[in-house]
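# Commentary on secondary and tertiary structure
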Amino acid sequence: MIADPRVPPGGGASGPRQARLPARAGIGLKPEHFRQIVDTWPNLGFFEVHAENYLVDGGPFHHYLGRIREHYPLSMHGVGLSIGGESALDEAHLDRLAALLERYAPQSFSEHLAWASHGGVFVNDLLPLPYTAPTLQRVCEHVDQAQTRLRRTILLENPATYVEFAASTMAETDFITEVVRRSGCGLLLDVNNVHVSCINHHRDSYAYLRALPLAAVGEIHLAGFATQHDAAGDPLLIDSHGAPVAQAVWDLYAYALDRVGPVATLIERDSDLPSLDVLVAEAAHADSLLGVHAGSAASADRRPDARPQPCPPGAPELAA
């Protein structure tokens, strides 16, 4: 039986220890793969679902999710809370999320450090924040409200960004560190987002990663990106979730594992969806790195240019 991950209201960092996802690789649960999953039960550590796809009471999505939940741990990933928005959190949306989490008791629930609504209008995007003291106060209040209503510690995902606010008075890593410290939430470390943002803003991705509150990492995301060019001809990376994980992201992932130890890792793919077998092979490569690093969490001297082992035969190409 899978342990119940819920905590009392206001639990946050001070509540009882939550059940955790296994330190294995998982993939996103897509309806295109429902039948093959229940026919073959692939060797995966967990499945992650987008919570907003399951906010109705019934239907085929719930039928398959119920069956899959009997065999695998679950991570639920929200995209609609607008944690960074200026408006109050949508109480009705929080209520629906609370009911969904009560129904499936996932090991993890995560949301984005971003805003997606303003003045009653919802935009289908995850937009960046100015990193200022008022924004910090608002985000912490929203995280506290969400954790109290959902009766659990949530993980907050570092963003992929393409523009920055001139009004910011804090570095993004300092802002995230303060949110984690004040609210007791955890960190969903999206390694692809680190790479994308640092390339776009001409920063050192390894230094950025070291500046995050890595002790709070409860899950890692890996994904692919698309490459465009801005008006100056510089590369502009887009967090597309539509390609295999790039080698630069695998390298940064190995570097992260040396600092945080083995952590549940999602292969995130939302567009140009390949076959289930391709995703399982990519997850197996992440599993191999998790195994390699299981005994080396304190290897602080690993060089940024060190390379993980090549992807095994049959797994997807890792080049961007």
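Notes on the structure follow.

## Some remarks on the overall build of the protein chain
In terms of helices and strands, the protein chain carries nine helices and 12 strands. With 320 residues in all, the protein chain has 52% of them scored as buried. Pairs at least 24 residues apart make up 79% of the contacts formed inside the protein chain by residues separated by at least 6 positions. Carbon together with sulfur atoms contributes 53% to the accessible area of the protein chain, which is approximately 13800 Å² in total.

## Notes on the pairing of strand 8 (residues 186–190)
In terms of burial, strand 8 is largely enclosed, as five of its five residues are buried. Every second residue of strand 8 is oriented toward a common face, with G186, L188 and D190 on one face and L187 and L189 on the other, all of them buried. Alignment of strand 7 (residues 155–157) against strand 8, held across three bridges, turns out to be parallel. When the sheet's bridge partners are listed, E157 is paired in strand 8 with L188. Handedness of the β-α-β unit built from strand 7, helix 5 (residues 172–183) and strand 8 comes out right-handed. Pairing of strand 8 with strand 9 (residues 217–223) involves four bridges; the strand directions are parallel. Each residue of the ladder has a partner; that of L187, found in strand 9, is V217.

## Details of the sheet that holds strand 12 (residues 265–268)
Strand order in this closed barrel of eight strands is 1-2-3-4-7-8-9-12, and the pairing throughout is parallel. In this sheet, neighbouring strand axes are inclined to one another by 30° on average, regardless of whether the strands run parallel or antiparallel. Along the sheet, helix 3 (residues 91–104) contacts strand 3 (74–77) and strand 4 (108–112); its crossing angle with strand 3, the most-contacted strand, is approximately 175°.

## Side note on the pairing of strand 12
By the alternation rule, side chains of strand 12 split into T265 and I267 and L266 and E268, which are all buried. Relative to strand 12, strand 1 (residues 25–28) runs parallel, the two sharing three bridges. Within strand 12, the position partnered with G26 by the bridge is L266. By the bridge criterion, four bridges tie strand 9 to strand 12 in an arrangement that is parallel. For I220, the partnering residue across the bridge sits in strand 12 and is T265.

## A short note on unusual backbone geometry
Positive phi outside glycine occurs at W41, with the angle close to 45°. Structurally, W41 can be placed in the loop between helix 1 (34–40) and strand 2 (47–50). Taking relative accessible area as the criterion, W41 reaches 28% and is therefore assigned partly exposed. Residue R151 is not a glycine yet carries a positive backbone phi of 60°.

## Observations regarding the environment of A88
In this fold, A88 is placed in the loop between strand 3 and helix 3. Judged by relative accessible area, A88 falls into the exposed class, the value being 68%. Sequence-wise, A88 and H142 are 54 residues apart; in three dimensions their C-alpha atoms are separated by 7.7 Å.

## Considerations on the state of the cysteines
Evaluated as defined, the whole model comprises zero disulfides. No disulfide involves C185; its sulfur sits 7.7 Å from the nearest other cysteine sulfur, which is in C140. A residue is classified by how much of its surface remains accessible, and C185, at 4% relative accessible area, is buried.

Parameters at a glance
All residue numbers refer to positions counted from 1 along the written sequence of the respective chain. Per-residue local features are limited, in this predicted model, to residues with pLDDT of at least 70; the limit for side-chain atom pairs, both in listing and counting, is 80 or more; totals at the level of whole chains, interfaces and linings are taken over all residues. Hydrogen atoms and water are omitted, and side-chain values are computed over all heavy atoms in the structure. Secondary structure elements are taken from DSSP: a helix is a run of H or I of four residues or more, a strand is a run of E of two residues or more, and numbering for both begins at the N terminus. Relative accessible area decides the class of each residue, using a 1.4 Å probe on protein chains only: under 20% of the type maximum gives buried, over 50% gives exposed, and in between gives partly exposed. Between two residues, a contact is recorded if the distance between any of their heavy atoms is within 4.5 Å. Accessible surface area values rest on a Shrake-Rupley calculation with a 1.4 Å probe, where residue burial reflects the displayed protein chains alone. At least two DSSP bridges between two strands are needed for those strands to be called paired. Handedness of a crossover is defined as follows: with both strands directed away from the viewer, a clockwise route from the first strand across the helix to the second makes it right-handed. Between N-to-C directions, angles cover 0 to 180 degrees, with each direction set by a line fitted to C-alpha atoms, over the stretch in contact for helices. Cysteine sulfur atoms are paired as a disulfide whenever they come within 2.5 Å of each other.

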